[in-house]
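Chain by chain, the residues:
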Amino acid sequence: MTVSLRGTREVKDNIQIFRLTGLLDAFSEPALRKTIGTFIEEENAPKHVILVLAQIDFIDSSGLGALVQLVKLAQTAGGSLQVVTNARVTQTVKLVRLEKFLSLKPTLEDAIAQAETQ
């Protein structure tokens, strides 16, 4: 079995940055939600989260559902979650009108600037 989603985590000031590559689909969604959810809920972890999905090749409704759940989790923890996207992810998110809720940003720099003002 191949892993359809890979990622790295970096902590920068009060922000957790996750860079993801591959497919965000029904197969990878449970692991994504569990892994990032654990980091969000960690007691001393930075509360602001940025998901860099610029290298994501595909996202389906399961992936979108996971993103919505992670935004709510971050907000409950007193933080925020933003998504840096590519054209494919942006198009999928806009189809279901979640671009504002998911705080889509064109670049990591834009997302970091937004997180620093919160």
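Everything here concerns the structure above.
Since the model is a prediction, treat every value here as computed from it, not as a measurement.

Caption draft 1: The arrangement of the overall build of the protein in detail. If you tally the helices and strands in the protein, you get four helices and five strands. Of the regular secondary structure in the protein, the N- to C-terminal order runs β-β-α-β-α-β-α-β-α. A principal-axis box enclosing the C-alpha atoms of the protein has dimensions of 35 × 30 × 20 Å. Out of the 118 residues belonging to the protein, those deemed buried represent 47%. Contacts in the protein between residues far apart in sequence, at least 24 positions, make up 67% of those at least 6 positions apart.

Caption draft 2: Looking closely at the pattern of salt bridges. In this structure the tally under the stated criterion is two salt bridges. The closest approach of N and O atoms between Arg19 and Glu10, which form a salt bridge, is 2.7 Å. Under the relative-accessibility criterion, Arg19 is labelled partly exposed at 32%. The exposure class of Glu10 is partly exposed, given its relative accessible area of 29%.

Caption draft 3: View of the pairing of strand E4 (residues 80-84). Judged by how many residues are buried, E4 sits mostly within the fold: five of five residues are covered. Burial of the side chains of E4 extends over both faces: Ser80, Gln82 and Val84 are buried on one face and Leu81 and Val83 on the other. Relative to E4, strand E3 (residues 48-59) runs parallel, the two being bridged by five bridges. The partner of Leu51 across the bridge, within E4, is Val83. In this fold, E3 hands off to helix H2 (residues 61-76), which returns the chain to E4; that crossover is right-handed. Across two bridges, the pairing between E4 and strand E5 (residues 104-105) is parallel. The residue of E5 that forms the bridge with Val83 is Leu104. Between E4 and its parallel partner E5, the chain crosses via helix H3 (residues 87-95), and the hand of that crossover is right-handed.

Caption draft 4: Structural context of the packing of helix H1 (residues 29-41) against H2. Contact geometry of H1 with H2 gives a least axis separation of 10 Å together with a crossing angle of 10°. Viewed along their axes, H1 and H2 adopt a mutual orientation that is roughly parallel. Across from Glu29, Leu32, Arg33, Ile36, Gly37, Ile40 and Glu41 in H1, the residues of H2 making contact are Ser62, Gly63, Ala66, Gln69, Leu70, Leu73 and Ala74. The residue makeup of the contact of H1 with H2, split by class, is seven nonpolar, four polar and three charged.

Parameters and conventions
Residues numbered from 1 in each chain as written. Predicted model: local features only at pLDDT ≥ 70, side-chain atom pairs only at ≥ 80, totals over all residues. Heavy atoms only, no water. Helix = DSSP H or I, 4+ residues; strand = E, 2+ residues; numbered from the N terminus. Buried < 20%, exposed > 50% of the residue type's maximum accessible area, 1.4 Å probe, protein only. Contact = heavy atoms within 4.5 Å. Salt bridge = Lys/Arg side-chain N within 4 Å of Asp/Glu carboxyl O. Pairing = 2+ DSSP bridges. Right-handed = clockwise from strand over helix to strand, strands pointing away. Axes fitted to C-alpha atoms, helices over the stretch in contact; angles between N-to-C directions. Parallel < 35°, antiparallel > 145°, perpendicular 65-115°, else oblique. Nonpolar A, V, L, I, M, F, W, Y, C, P; charged D, E, K, R; others polar.

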